[in-house]
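Coordinate analysis (summary)
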Amino acid sequence: MASTSPSYVRTGGGEFLRSLDVDRALARVDLAGSIVHTEMLERVGLVSKEDARRIIGGLRAIHREIAHGSFPWRDDLEDVHTNIEVRLTQLIGPAGGRLHTARSRNDQVALDERLYLREVVYGTTQLLESFQRMLVDHAAGEQGTLLPGYTHLQRAQPVSLAHHLLAHFWRLERDLDRLLATERRANVSPLGAGALAGSTLPIDPAWVARRLGFDRAFENSLDAVSDRDPFAELLFDLALLATHLSVLGEEWVLWTTAEFGFARAGERVGSGSSLMPQKRNADVAELARAKAARVTGDLVTLLGTLKGIPLAYDRDLQEDKAPVRDAVRTIDLTLAALASAFEDLAFDRTRMAEAASDPALLATDLAEELVRQGTPFREAHEAVGAYVRGTEGSIGSASARRALPALRSAADSLFDPAHALERRATPGGPSPTSVGVQIDRARELLAAHGPSLSSLGHRVELIEELLNEERK
Ligand code: ARG
């Protein structure tokens with residue numbers, strides 16, 4: 001095969017030097033980038049109309065081969081870029097040798113990575129958005145479902161299941177926003193930077209950028225070939241998202257224990273034990289917890305790779321793809337598994353209400369009632385504290401009336417858990433009214449993502465169109 005291998009790859013064989021196992025996932029975007037590069041070469045007169053037609057036809061034929069699984073991948077060739085170029089020349093002859101005019105694999109791989117990022121952000125945001133919708137829809141039915149709120153994992157004050165689920169919604173909402181912002185910042189084409197210093201040939205990077213749906217082309221060729229900020233940002237976004245999903249997982253683990261008993265795990269949440277017949281473990285939730293460590297590891301791997309490499313391209317950068325691919329795959333699987341598990345999580349509202357009806361959760365309410373009647377908060381806090389200590393924590397309306405006569409007739413309603421929830425009607429608070437406002441706002445925001453997601457979707461479709469378009 002040596003006759004069809006360009007000299008620059010023959011020196012770089014071997015598993016250690018190869019990136020093919022990871023970067024073959026870039027084949028589609030690589031082909032689309034090459035098609036547009038060829039169109040540009042034709043426009044500026046560097047490739048004839050006839051050769052451009054041959055090259056683009058060959059690239060589309062390669063796309064079909066890859067899609068059908070008949071592409072002859074060669075692992076004696078370093079990467080996806082070389083595999084495609086060598087195959088192109090096999091298919092169309094010497095015209096194939098014109099494809100790489102005024103281009104290096106350095107700007108080529110940087111371009112591929114940005115197009116790939118566009119696709120994966122689109123995929124992950126769709127999963128994330130539907131997960132968020134599921135939380136909001138579920139919350140809408142649980143506004144009056146009492147649940148103890150916790151600090152330090154100690155029961156603190158009453159909230160509702162709706163309020164709790166929505167707290168997770170807002171974290172995920174910021175994750176979605178971050179992913180979209182990362183994609184927007186990354187939407188700059190690096191093609192035309194060459195190996196590091198552009199080209200002596202009259203290429204048109206701005207035209208390429210527009211044709212591929214980018215906002216603009218790069219400003220500095222050294223920066224363009226070495227910038228991996230888009231991947232670093234993406235990995236941070238995914239690591240934080242994984243962290244949020246891990247917290248959710250940890251709560252499901254706790255809630256499905258006999259000790260909490262706030263939920264029962266159905267079959268899609270976990271499995272049984274091979275030894276103990278009574279067991280039903282929340283495996284999905286536990287794995288969601290562990291996956292966060294893995295995605296954080298992916299982020300640290302990339303940052304560690306980037307921190308010591310001088311401008312511009314260094315081969316270290318080849319190692320950037322594996323952590324990204326791993327993180328994206330891990331997150332997508334986690335979101336899908338948790339979404340399916342959520343449907344199979346049966347909340348035990350009675351257990352939640354029992355736990356939330358612990359009168360000790362309302363000690364703050366007593367102090368706030370005294371404040372309403374004019375007592376300074378510090379004094380009220382002292383007085384209620386003394387009363388709680390005096391009863392060893394088992395407070396109730398009769399003893400409260402005796403110890404804190406100012407409470408008088410208010411005492412009964414103060415200890416009513418449903419009233420306690422309704423009273424927390426401050427903006428962003430857990431009362432059913434406040435939560436109703438929250439749900440409206442959440443739904444507004446979800447609807448507002450529509451335009452960004454569909455503009456992203458159009459830019460993703462562009463790749464598919466380029467690969468399939470019949471040349472006039
Ligand atoms: N396989 C390389 C990568 O993934 C492609 C760029 C190679 N450039 C080079 N000068 N060796 O980064």
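Whatever comes next refers back to the structure up there.
Small disclaimer: the values here were computed from a predicted structure and weren't measured.

Calculation criteria
- Residues numbered from 1 in each chain as written.
- Predicted model: local features only at pLDDT ≥ 70, side-chain atom pairs only at ≥ 80, totals over all residues.
- Heavy atoms only, no water.
- Pairing = 2+ DSSP bridges.
- Helix = DSSP H or I, 4+ residues; strand = E, 2+ residues; numbered from the N terminus.
- Expected span 1.5 Å × (residues − 1).
- Polar contact = N/O pair within 3.5 Å; in protein donor to acceptor, adjacent residues only side chain to side chain.
- 1 Å grid on protein atoms, 1.4 Å probe; cavity = no way out; pocket = protein on both sides within 12 Å on 5 of 7 lines; lining within 4 Å.
- Points joined across faces, edges and corners; volume = space filled by probe spheres on them.
- Nonpolar A, V, L, I, M, F, W, Y, C, P; charged D, E, K, R; others polar.
- Near = heavy atom within 4 Å.
- Areas by Shrake-Rupley, 256 points an atom, 1.4 Å probe, with all protein chains shown as cover.
- Buried < 20%, exposed > 50% of the residue type's maximum accessible area, 1.4 Å probe, protein only.
- Axes fitted to C-alpha atoms, helices over the stretch in contact; angles between N-to-C directions.
- Parallel < 35°, antiparallel > 145°, perpendicular 65-115°, else oblique.
- Left-handed = near helix turned anticlockwise from the far one by under 90°.
- Contact = heavy atoms within 4.5 Å.
- Core = buried A, V, L, I, M, F, W, Y, C linked by side-chain atoms within 4.5 Å.
- Phe/Tyr/Trp six-rings, centres within 6.5 Å; stacked < 30°, edge-to-face > 60°.
- Lys NZ or Arg CZ within 6 Å of the ring centre and 35° of its normal.
- Salt bridge = Lys/Arg side-chain N within 4 Å of Asp/Glu carboxyl O.

1. What to know about the pairing of strand β1 (residues 146-151)
For a regular strand, side chains alternate in direction, first toward one face of the sheet and then toward the other. Across six bridges, β1 lies against strand β2 (residues 154-160) in antiparallel orientation. Across the sheet, residue Leu 146 finds its bridge partner in β2, namely Ser 160. Hairpin connection between β1 and β2: a loop of two residues separates the two successive antiparallel strands, and His 152 in this loop has a positive phi of roughly 55°.

2. Some thoughts on helix α6 (residues 105-140)
Residues lying three or four places apart along an α-helix face the same way, a consequence of the helix completing one turn every 3.6 residues. In this model α6 runs 52 Å from its N-terminal to its C-terminal C-alpha over 36 residues, within 8% of the 52 Å that 1.5 Å per residue would give. Measuring from the side-chain oxygen of the N-cap residue of α6 to the backbone nitrogen of Asn 106 gives 2.8 Å; that N-cap residue is Ser 104.

3. Here we look at empty space enclosed by the protein
Taken as a whole, this structure holds three cavities of 30 Å³ or more when the rule is applied. Looking at the largest cavity, its volume works out to about 50 Å³. Ala 110, Glu 113, Arg 114, Leu 117, Ala 224, Asp 227, Arg 228, Pro 230 and Phe 231 are the residues that line the largest cavity. Of all the secondary-structure elements, those providing two or more residues to the lining of the largest cavity are α6 and α10 (229-255). Here the residues of the lining of the largest cavity sort into five nonpolar, no polar and four charged. Roughly 50 Å³ of volume is contained in the second largest cavity. Lining the second largest cavity, in full, are Val 22, Ala 25, Leu 26, Tyr 116, Lys 321 and Arg 325. Counted by class, the lining of the second largest cavity contains four nonpolar, no polar and two charged residues.

4. With respect to the site of the ligand
Around the ligand, a shell composed of Ser 19, Glu 78, Asp 79, Arg 105, Asn 106, Tyr 313, Gln 318 and Lys 321 is seen. Within the side chain of Glu 78, an N or O atom sits 2.8 Å from a nitrogen atom of the ligand. Taking Gln 318, its side chain carries an N or O atom lying 2.8 Å from a nitrogen atom of the ligand. For the ligand, whose accessible area on its own is 340 Å², the fraction buried by protein is 86%. When its residues are assigned to classes, the shell around the ligand shows one nonpolar, three polar and four charged.

5. Notes on the environment of Ala 353
With respect to the element layout, Ala 353 can be found in helix α13 (residues 349-356). The class of Ala 353 is partly exposed, set by a relative accessible area of 25%. A C-alpha to C-alpha distance of 10.0 Å links Ala 353 and Leu 161, two positions 192 residues apart in sequence.

6. Describing the packing of helix α3 (residues 27-43) against helix α5 (residues 80-92)
Where α3 meets α5, the closest approach of the two axes is 10 Å, and the angle between their N-to-C directions is 55°. The angle between α3 and α5 falls in the class oblique. Handedness of the α3/α5 crossing: right-handed. Along the contact surface, α3 presents Ala 27, Asp 30 and Leu 31, while α5 presents Val 80, His 81 and Ile 84. The class makeup of the residues in the contact of α3 with α5 is four nonpolar, one polar and one charged.

7. Observations regarding the nonpolar core
Core analysis: the biggest nonpolar cluster contains 108 residues, and Phe 131, Leu 234, Leu 238 and Trp 255 have the highest contact counts within it. For this core, the leading source of residues is α10, giving 13 residues.

8. Focus on unusual backbone geometry
Only a minority of non-glycine residues have a phi that is not negative, and only a minority of peptide bonds are not trans. Following Leu 311, the chain continues to Ala 312 via a peptide bond in cis, the omega torsion being 0°. With a phi close to 60°, Ala 102 is a non-glycine residue in the positive phi region. By relative accessible area, which is 17% here, Ala 102 ends up buried. Backbone geometry at Arg 408 places phi at a positive 40°, although glycine is not the residue there. If you trace the backbone, Arg 408 turns up in the loop between α16 (397-403) and α17 (410-414).

9. Some words on the packing of aromatic side chains
Using the criterion set out here, one finds eight aromatic pairs in the structure. Ring centres of Trp 255 and Phe 347 lie 6.3 Å apart, and the angle between their planes is 75°; this geometry places the pair in the edge-to-face category. Taken together, the residues span a long stretch of sequence, with Trp 255 in helix α10 and Phe 347 in strand β6 (residues 345-347) at a distance of 92 residues. For Phe 347, a relative accessible area of 8% puts it in the buried group. Between Arg 24 and the ring centre of Trp 73, over which it is positioned, the NZ or CZ distance is 4.9 Å. In this structure, Arg 118 is placed above the aromatic ring of Phe 214, and the distance from its NZ or CZ to the ring centre is 4.8 Å.

10. What to know about the pattern of salt bridges
Within this structure, the stated rule accounts for 35 salt bridges. Between Arg 443 and Asp 137 there is a salt bridge, with its nearest N and O atoms 2.9 Å apart. One end of the pair, Arg 443, is in helix α19 (residues 432-468); the other, Asp 137, is in helix α6, with 306 residues separating them in the sequence. The residue Arg 424 makes a salt bridge to Asp 365 at a minimum N-O spacing of 2.6 Å. You can see Arg 424 sitting in the loop between α18 (417-423) and α19 and its partner Asp 365 sitting in helix α14 (residues 363-372), a full 59 residues away along the chain. On the accessibility criterion, Asp 365 (3% relative accessible area) is buried. Three or more residues joined by partner-sharing salt bridges are found here, namely Glu 50, Asp 51, Arg 53, Arg 54 and Arg 98.

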